[in-house]
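Listed below are the residues making up each chain.
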Amino acid sequence: YLNCIIKPYHITSVYTCMKVFITLFCLVHFAIVEHSVPIAIFNIHQLSNQVLLDITIDKENLSEELDLAPTDLTKKVILKYLQENTSFSFDNKINELEIKDLNQMGDHLKIDCVFKTEISNVKQLEIKNTCLLNIDNHSNIIQVDLNNISKDYRMYIKRKTISIDL
């Protein structure tokens, strides 16, 4: 009689123990797996009549794209890359960038830029951006904060140009 009570209980406790073990294993395994999404963020905003562009970009991705060591990513090199891979037209007038500051933040570079020509009351903005699009699944997130309007856009291999009415 005691055997009938202990054996089913033992089997149930082993089964429960295995369920707990498998659940814990899955939780630990999936918590360790890194799901990195390759993006760069371009934030366009205005300070008085000066339009600024703040870029946050993965240092390793940019280094690979330019085939340079991360220590060789200078303002001059990055500006040349931006000039070749971006274009910003405000009310149908292209505006060139100038890099004001370059800082490393962990695995990313923070690039603070200013547009050379002062602008007020922008009505239309056209952006061409092919930065890092050679990297699989890469996206450039464009954040526009102009004329008290905030809009976000995703640019990727199939969407290299956007036109924004403000």
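Computed from a predicted model, the values in this text were never measured in an experiment.

Chemist: Help me understand the side chain of His 45, please; the structure alone is not making it clear to me.
Modeler: Within the secondary structure, His 45 is located in strand β1 (residues 39-47). Among the polar contacts listed, one links the side chain of His 45 to the side chain of Asp 54, at a separation of 2.7 Å. Sequence-distant contacts of His 45, defined by excluding residues within four places in its chain, comprise Gln 50, Val 51, Leu 52, Asp 54, Asp 145 and Leu 146.

Chemist: Would you explain helix α3 (residues 75-85) in this entry?
Modeler: Structural remark: α-helix, 3.6 residues per turn; residues separated by three or four positions point the same way. Here α3 has its buried residues at Ile 78, Tyr 81, Leu 82 and Asn 85. Projected down its long axis, α3 carries its buried residues within an arc of 100 degrees, all on one side. For α3, the exposed residues lying more than 90 degrees away from the buried face are Lys 76 and Glu 84.

Chemist: Explanation requested: the sheet that holds strand β7 (residues 124-129) in the structure shown.
Modeler: Within a beta sheet, neighbouring strands are joined by backbone hydrogen bonds and run either parallel or antiparallel to one another. Pairing in this open sheet of four strands is antiparallel, and the strands run β4-β3-β7-β10 from one edge to the other. In this open sheet, the two strands that pair with only one neighbour each are β4 (93-94) and β10 (161-165). Here strand β3 (residues 86-90) runs beside β7; their pairing, made up of five bridges, is antiparallel. Residue pairing across strands places Thr 86 opposite Asn 129, the latter belonging to β7. Against the sheet, α3 contacts β3 and β7, and its axis sits at roughly 65 degrees relative to β3.

Chemist: I'm lost on helix α2 (residues 59-66) in this one. Help?
Modeler: Of the residues making up α2, those classed as buried are Lys 59, Asn 61, Leu 62 and Ser 63. Looking at the buried side of α2, the elements it contacts are β2 (50-58), α3, β5 (97-105) and β6 (108-115). The N-terminus of α2 is capped by Asp 58, whose side-chain oxygen sits 3.0 Å from the backbone nitrogen of Glu 60.

Chemist: What is the right way to look at the sheet that holds β1 in this model?
Modeler: Within the open sheet, the six strands sit side by side as β5-β6-β2-β1-β8-β9. Their pairing is mixed. At either end of the open sheet lies a strand with only one pairing partner, and these are β5 and β9 (149-155). The mean inter-strand angle of the sheet, taken between neighbouring strand axes irrespective of direction, is 15 degrees. Pairing of strand β8 (residues 139-146) with β9 involves seven bridges; the strand directions are antiparallel. When the sheet's bridge partners are listed, Ile 141 is paired in β9 with Arg 154. Sitting on the sheet, α2 is in contact with β2, β5 and β6, with an inclination near 85 degrees to β2. Sheet strands in contact with α3 are β1, β2, β5 and β6, and its direction is about 120 degrees off that of β5.

Cut-offs and rules
- Residues numbered from 1 in each chain as written.
- Predicted model: local features only at pLDDT ≥ 70, side-chain atom pairs only at ≥ 80, totals over all residues.
- Heavy atoms only, no water.
- Helix = DSSP H or I, 4+ residues; strand = E, 2+ residues; numbered from the N terminus.
- Polar contact = N/O pair within 3.5 Å; in protein donor to acceptor, adjacent residues only side chain to side chain.
- Contact = heavy atoms within 4.5 Å.
- Buried < 20%, exposed > 50% of the residue type's maximum accessible area, 1.4 Å probe, protein only.
- Arc of directions from axis to C-beta.
- Pairing = 2+ DSSP bridges.
- Axes fitted to C-alpha atoms, helices over the stretch in contact; angles between N-to-C directions.

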